[in-house]
Amino acid sequence: MNIDYRVTKSQIRRRKLFKQIQLPLMLLPVLFVVIGLFGGGLLKAFISGFGYIPEIKQTEFSLKYYIAAFTHPDFLAALFFGLKVSILSIVISTAISLFIAVQLMSYFRTRKILKFIYRFPLQIPWLVITFMILTLFSDGGLVARLCYHLGLIQSTNDFPHLLYSQGGFGIIFVYVWSEIGFVSLVLFSRLLGMDPSIDEAARTLGASRWQLFWKIQLPLMMPSILMVSLLNFAFTFGDYATPQILGPTSPNTLPVVAFRMYQSTDLKLRPQAMAMSVVIALIAAIILVVYNIIMRKQQYTEAKVQSEKKK
Amino acid sequence: MKNISLARASSKITIRLILWAIAIMIVVPFLPVLIWSFTQKWFWPDLLPEKWGVRSWTYVFSSHSQVGSAILTTLILGILVTFITLVISLPAAKAIGQREFKGKSFLEILLLAPYLVSPTAVAMGLYSVFIQMRLNATVLGVVLAMLISTTPMMVRMLTSVFESLDPNYEEQARSLGANSFQIITRVTIPIIIPGIVAGSLFTFLTTLNAFFYPYMIGSGKVMVLSVLLFNFLGKGGYDLPITSALSIILAIPGIIFLLFSEKLIKEEYFAMGFGH
């Protein structure tokens with residue numbers, strides 16, 4: 001039996017065409033989500049920010065709502081409150097996680113249990129943590145009761161108002177609690193991925209634990225620290241539920257202010273709410289750019305290290 | 001010499017103590033919620049309830065509470081979102097992980113954007129669009145909105161799985177006489193199954209834990225557990241035992257996941273997809 005193995009021209013053409021349309025087809029559904037749904041939602045908010053919202057019979061087109069959003073008395077206060085809460089929680093959780101990650105590198109008996117506990121916050125919803133912090137730190141909460149029994153306070157009124165206050169203590173606590181799991185895990189696996197010969201070389205050369213940390217471990221973890229911090233900043237800065245529940249009436253974070261405006265019965269506030277949501281997206285866009293630069297840089301150095309190893 | 005070893009031992013003990021203090025700080029917040037869920041009467045300033053009881057749990061599982069239907073809605077939403085996310089992410093991840101094409105790095109940045117831009121920035125605009133399409137307050141609308149959060153994560157996780165594959169495996173299978181369908185079912189899927197399991201579990205949990213999209217797009221009509229908990233919390237003067245029971249239910253899937261994740265999936269998958 002003779003089989004013709006030669007491929008005809010039309011078959012080649014068909015295969016070429018198939019290869020050409022295959023790629024767009026593979027990407028299309030995901031592009032629909034990212035450009036259609038995500039981009040569409042942002043675009044709608046962007047246009048509505050100019051005051052053009054036909055469905056509620058507003059068809060003007062001016063910059064005044066964006067200007068009003070920026071000059072709103074709550075805007076700057078909300079921006080700073082959000083920045084403070086996010087940055088403080090990141091600094092605290094990163095410091096704690098660094099300690100955890102470095103210490104977990106050495107072996108000891110209870111290491112496994114500790115590792116398990118530190119992972120706990122990873123998959124607990126923020127709303128649940130928020131409620132836990134509420135029952136712990138509210139004026140009649142468990143901590144206040146403990147203080148009473150220790151003779152520190154006489155009544156619920158004496159307890160320092162940790163929640164609903166300008167300090168944002170409750171919100172910060174929620175974020176620190178949840179970030180510890182994520183940050184310590186990422187930093188720990190970064191340390192695990194480190195070449196153990198560097199560690200040994202440093203020790204045989206007589207480096208102390210501190211020198212090892214400052215000169216070797218910290219620089220190695222730095223890109224991861226930056227990237228995780230940016231991620232956590234994006235997540236916390238855009239959060240609504242936790243600051244809404246635990247935050248002060250005013251100033252609260254930008255998402256809370258924007259959403260309150262949106263919910264207002266005064267429809268005139270709606271373009272302003274949309275303008276504010278565009279501002280939130282813009283801040284996230286800045287983070288995206290910085291994140292990307294760091295990631296590229298790290299990939300570049302890793303590739304360089306790899307190629308040098310091969311030599 | 002003796003002094004040095006003594007100092008070293010004491011610093012070791014201090015470190016252990018700090019490590020345990022952090023661990024206790026993580027565990028302690030669970031306690032009041034657990035106690036409250038089994039409380040009948042607990043007045044200031046008692047450290048333990050005056051009267052214990054299971055009123056909150058009987059309420060939660062009674063037919064006239066919304067909790068049962070909320071659990072059902074949440075599960076349906078989770079399964080739908082996970083399935084759709086997986087189906088649309090697989091081909092995209094394969095393309096990004098194994099092919100070179102123009103605009104690939106731009107696409108990767110584009111896919112990072114929904115991950116970093118919070119739902120609060122997108123949901124208001126999206127809600128207005130969905131009103132015009134009559135998708136607001138429907139399960140379909142919430143599913144579509146949730147895809148924004150879940151797809152980028154799934155694509156990232158699966159992309160790194162495809163990247164680690166030998167790109168020639170398809171050719172090898174083909175030369176051994178496998179057809180396209182066999183290649184997918186017998187070769188590709190078995191190799192990537194750990195990544196699929198990890199990604200699906202993550203997506204499922206993300207959907208269960210998600211709040212803002214179901215809250216805004218569902219506008220009270222799609223009642224999932226997280227929205228129900230928020231409503232209980234937002235009321236003011238809330239019923240602490242019932243809210244506690246509700247938050248325990250909401251936390252259970254994540255805890256189960258944590259208990260089994262070490263056996264189910266490798267540690268790398270955890271950090272994967274986070275620019276690690």
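See the structure above.
Because the structure is a prediction, the values reported are computed rather than measured.

**Q** I'd love a proper account of the overall build of chain B, names of residues and values included.
**A** Scanning chain B from N- to C-terminus turns up 13 helices and two strands. Relative to a compact globule of 276 residues, whose C-alpha radius of gyration would be 19 Å, chain B shows 24 Å and is clearly more extended. The principal-axis extents of the C-alpha atoms in chain B amount to approximately 75 × 75 × 35 Å. Buried positions account for 51% of the 276 residues belonging to chain B. In chain B, once contacts between residues fewer than 6 apart in sequence are set aside, the share between residues at least 24 apart is 70%. Here chain B displays about 13000 Å² of accessible surface, and carbon together with sulfur accounts for 68% of that area.

**Q** Help me get a handle on the overall build of chain A, residues and values and all.
**A** Check the secondary structure of chain A and you find 12 helices and two strands. Taken over the C-alpha trace, chain A has a radius of gyration of 27 Å; the compact-globule value for 311 residues is 19 Å, which it surpasses by more than 25%. The principal-axis extents of the C-alpha atoms in chain A amount to approximately 100 × 75 × 40 Å. Relative to its full complement of 311 residues, chain A shows a buried share of 50%. The contacts of chain A with a sequence gap of at least 6 include a subset with a gap of at least 24, amounting to 70%. If you sum the accessible surface of chain A, you get close to 16000 Å²; carbon and sulfur atoms cover 67% of it.

**Q** Mind laying out the nonpolar core, listing which residues take part and the relevant values?
**A** Judged by nonpolar contacts, the single largest core of 169 residues is most densely connected at Tyr-118 and Leu-254 of chain A together with Phe-211 and Tyr-213 of chain B. Apart from the residues within four sequence positions on either side, Tyr-118 of chain A is in contact with Ile-100, Leu-104, Gly-181 and Ser-184 of chain A together with Leu-19, Trp-20, Ile-22, Ala-23 and Ile-26 of chain B. In terms of nonpolar packing, the next biggest core, distinct from the first, is built from 10 residues, Leu-158, Leu-165, Ile-192 and Ile-196 of chain B among them.

The rules behind the values
Residues numbered from 1 in each chain as written. Chains lettered and ligands numbered in written order. Predicted model: local features only at pLDDT ≥ 70, side-chain atom pairs only at ≥ 80, totals over all residues. Heavy atoms only, no water. Helix = DSSP H or I, 4+ residues; strand = E, 2+ residues; numbered from the N terminus. Rg over C-alpha atoms; globule rule 2.2 N^0.38 Å. Buried < 20%, exposed > 50% of the residue type's maximum accessible area, 1.4 Å probe, protein only. Contact = heavy atoms within 4.5 Å. Areas by Shrake-Rupley, 256 points an atom, 1.4 Å probe, with all protein chains shown as cover. Core = buried A, V, L, I, M, F, W, Y, C linked by side-chain atoms within 4.5 Å.

Everything listed is a geometric property; what it means functionally is a separate question.
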